[in-house]
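Structural overview for review
In case you want the letters, here they are:
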Amino acid sequence: MRATVIFYALLAGLALLVPWLGIYPVFMMKLLCFAMFACAYNLLLGFGRMLSFGHAAFFGSAAYATSWLVTAHAWGPGAAIFAGLAVAAVLGLVIGGLAIRRQGIYFAMITLALGQLVYFVCLEAPFTGGENGLQDVPRGKLFGMLSLSSDLVMYYLVLAVFVAVFLFIRRVVYSPFGQVLKAIRENEPRAISLGYDINRYKLLAFVLSATLAGVAGSLDALVLGFTTLSDVQQSNSGQVILMTLLGGTGTFFGPVVGAALVVTLQEYLSDIVGGWVTAIIGVIFVACVLSFRRGIVGELAALLRR
Amino acid sequence: MSEIFGIPVAVILGQLTLGLVNGSFYALLSLGLAVIFGLMGVVNFAHGAFYTLGAFAALLGLQWFGINYWAALVLAPVAVGLIGLLVERLLLRHLYGLDPLYGLLFTFGLALIVEGSLHQVFGATGQSYPVPPALSGVVNLHFMFLPLYRAWVILASVLVCFSTWFVIERTRLGSTLRAATENAPLLQAFGVNVPLLKAATYGGGVALAALAGVLASPVVLVNSHMGNSLVIVVFAVVVIGGMGSILGAIVSGLALGVVEGFTKVIYPEASNIVVFVIMALVLILRPAGLFGRE
């Protein structure tokens, strides 16, 4: 326990120092946004054992909502982020409500199909800019006071939100709600026989996960200054699955490690191997499923426990 | 000619026929998915990738070795089926007995490898495969001129679908396969080589996908992502039909192709999403799927 506290304290110190270590700040912010996304995803897959193949829909729709409100209606970033997460929450309620009617692989296929539905809506809707997406999204002033145009300020905002999301997920998992969710994960019929209305628990987990994915999407849109179809595309859903799986499903820190690895890989690997990135990601996927299903953090934790 | 809702009947019938062509592909692919899932409990996410591989095999066979369409119709599925067999023996079989979600994730990774590599080697632009001379020309259906090749696609896939159904439901081999679905250890105790059966099923299932790819190559552009969006629609078809029934997979595949064609006439903007909307409705009204049982 003490080792964990020290580890997190060191990590927090490092995160605060990042802007002075010469790391490209936009890269760090992108990494944090995807780490948030993966943590949100892990809440569903790791603790609820629901494999969603459509999480890009929540990330992307929140990103679109935020970008659109900021550019077309001159909303402030704070309000636009809240609007983005509200859109993701409502969408999560609808898609989750449909998907939890089936389990396991069917759940995966349903979320995949509904995610694709959202993609097509984004492709054809008049306010998303179609193939071009929404460009030149201004960061604006947070609550009318704090200008986010400097990367330094934006970085600390993203870091603060990331820490809040991370701690919130820990809180949720250790709450009575989180414990019931784990019970459902381990043995669904038993949870039913104990009198839990499991569908309500599953739906709440789904909506929470979708909402937090939306926070990540909205922030990502402000950080990069654009939102495109790749945010809602199925490949984005696949990417967040890989991050979670690679780092370790059902561990708190795994998704962060996974996200850091995948984002770094994409940033630097594409210079070396060019278009082979997709195939290499596929190889990592296959290797991960075949040989270390608990993910990096999960396997390390198992080693330490021995 | 008469009209319905201000749309000429000929246009409607034409789109319905074209919808039936798409439906043929849905049926062939969801059939393969259902067979693989039925026996192995694996949802084959790579089904679209094997479909793409089939089309590429036909295209490259023609360009590199001058293999004609009719030979490709046999050779491409055999080649892709062998690849599937190899994948099952070397990799996939290690995942039996685990949560079926791992099978789904594994085949998802496999699809990324196949499609990513094809994309990198052959680029993003599609290439067209020539329609075989014997099947060029049109049939006059009186309400439309249907290209002969599309008529052939419908005929061929219906034929393949129903022979597959016949083999599984009505023959000795089929009853062995179904027995393996029910109780594999018991069947093995009777001296049937179940692991071989499973490998052959995976090979056969992906060979069906490859066959669909060869059939599709003259009507679509052959490119690395042709199977990717298709497999998502096919997953929706499978959710609608219920994966337990082979006949259900065939019928819902064909029917949804027709519905999609009809949507193209009355509200073209929705033609991409109509299958997903129907899936949502089915989930609300009949969660187990139209032909499913739970």
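1. Concerning the overall build of chain B
Tallying secondary structure elements over chain B gives eleven helices and four strands in all. For chain B, whose C-alpha radius of gyration is 19 Å, the value lies close to the compact-globule estimate of 19 Å for 294 residues. Each of the three principal axes of chain B carries a C-alpha extent, and together these read 65 × 50 × 35 Å. Considering chain B as a whole, with its 294 residues, one finds that 49% of them fall into the buried category.

2. Some thoughts on the overall build of chain A
Looking only at helices and strands, chain A has 13 helices and two strands in total. A globule of 306 residues ought to have a C-alpha radius of gyration of about 19 Å, and chain A, at 19 Å, matches this closely. Expressed as a percentage of the 306 residues in chain A, the buried residues total 48%. Across chain A, every contact between residues at least 6 apart in sequence was considered, and the portion connecting residues at least 24 apart equals 77%.

3. Here's the deal with the nonpolar core
Looking at soluble globular proteins, one finds that nonpolar side chains tend to be buried together. Counting residues in each nonpolar core, the largest one holds 196 residues, and the members touching the most others are Met-36, Phe-37 and Ala-113 of chain A together with Ala-210, Ala-236 and Met-279 of chain B. Not counting the four nearest positions on each side in its chain, Met-36 of chain A is found in contact with Phe-162, Val-165, Leu-212, Val-215 and Ala-216 of chain A.

4. Things to note about the packing of helix α2 (residues 47-65) of chain B against helix α8 (residues 194-216) of chain B
Packed helices, taken two at a time, are described by the angle between their axes plus the distance between the axes. Residues and elements named next belong to chain B. Two numbers describe how α2 lies on α8: the axes approach to 7 Å, and their chain directions differ by 50°. The pairing of α2 with α8 is recorded here as oblique in orientation. For the element pair α2 and α8, the recorded crossing hand is right-handed. Where α2 approaches α8, its residues His-47, Phe-50, Tyr-51, Thr-52, Leu-53, Gly-54, Ala-55, Ala-57 and Ala-58 are matched on the opposing element by Val-206, Ala-209, Ala-210, Leu-211, Ala-212, Gly-213, Val-214 and Ala-216. Classifying every residue of the contact of α2 with α8 gives 13 nonpolar, four polar and no charged.

5. Some thoughts on helix α4 (residues 100-122) of chain B
Its 23 residues give α4 of chain B an end-to-end C-alpha distance of 33 Å, which sits within 8% of 33 Å, the value for a rise of 1.5 Å per residue. Note on α4 of chain B: the residue one or two positions beyond its end, Gly-123 of chain B, has a positive phi of about 80°.

6. Some details on the confidence of the model for chain B
Of the residues in chain B, 98% have a pLDDT of 70 or more, and the chain-wide mean is 88. Taken over the whole predicted complex, pTM reads 0.90, whereas the ipTM for its chain interfaces reads 0.89.

7. Some points on the packing of helix α4 (residues 77-99) of chain A against helix α5 (residues 104-124) of chain A
Residues and elements named next belong to chain A. Relative to each other, α4 and α5 sit at 145°, their axes nearing to 9 Å. Crossing geometry of α4 relative to α5 is assigned as right-handed. Residues Ile-95, Leu-98 and Ala-99 of α4 lie in contact with α5, whose contacting residues are Phe-107, Ile-110, Thr-111 and Leu-114. Residues that form the contact of α4 with α5 fall into these classes: six nonpolar, one polar and no charged.

Parameters at a glance
- Residues numbered from 1 in each chain as written.
- Chains lettered and ligands numbered in written order.
- Predicted model: local features only at pLDDT ≥ 70, side-chain atom pairs only at ≥ 80, totals over all residues.
- Helix = DSSP H or I, 4+ residues; strand = E, 2+ residues; numbered from the N terminus.
- Rg over C-alpha atoms; globule rule 2.2 N^0.38 Å.
- Buried ≥ 20, exposed ≤ 12 C-beta atoms within 10 Å, placed from the backbone.
- Contact = placed C-beta atoms within 7 Å.
- Core = buried A, V, L, I, M, F, W, Y, C linked by C-beta atoms within 7 Å.
- Axes fitted to C-alpha atoms, helices over the stretch in contact; angles between N-to-C directions.
- Parallel < 35°, antiparallel > 145°, perpendicular 65-115°, else oblique.
- Left-handed = near helix turned anticlockwise from the far one by under 90°.
- Nonpolar A, V, L, I, M, F, W, Y, C, P; charged D, E, K, R; others polar.
- Expected span 1.5 Å × (residues − 1).
- pLDDT = per-residue confidence, 0-100.

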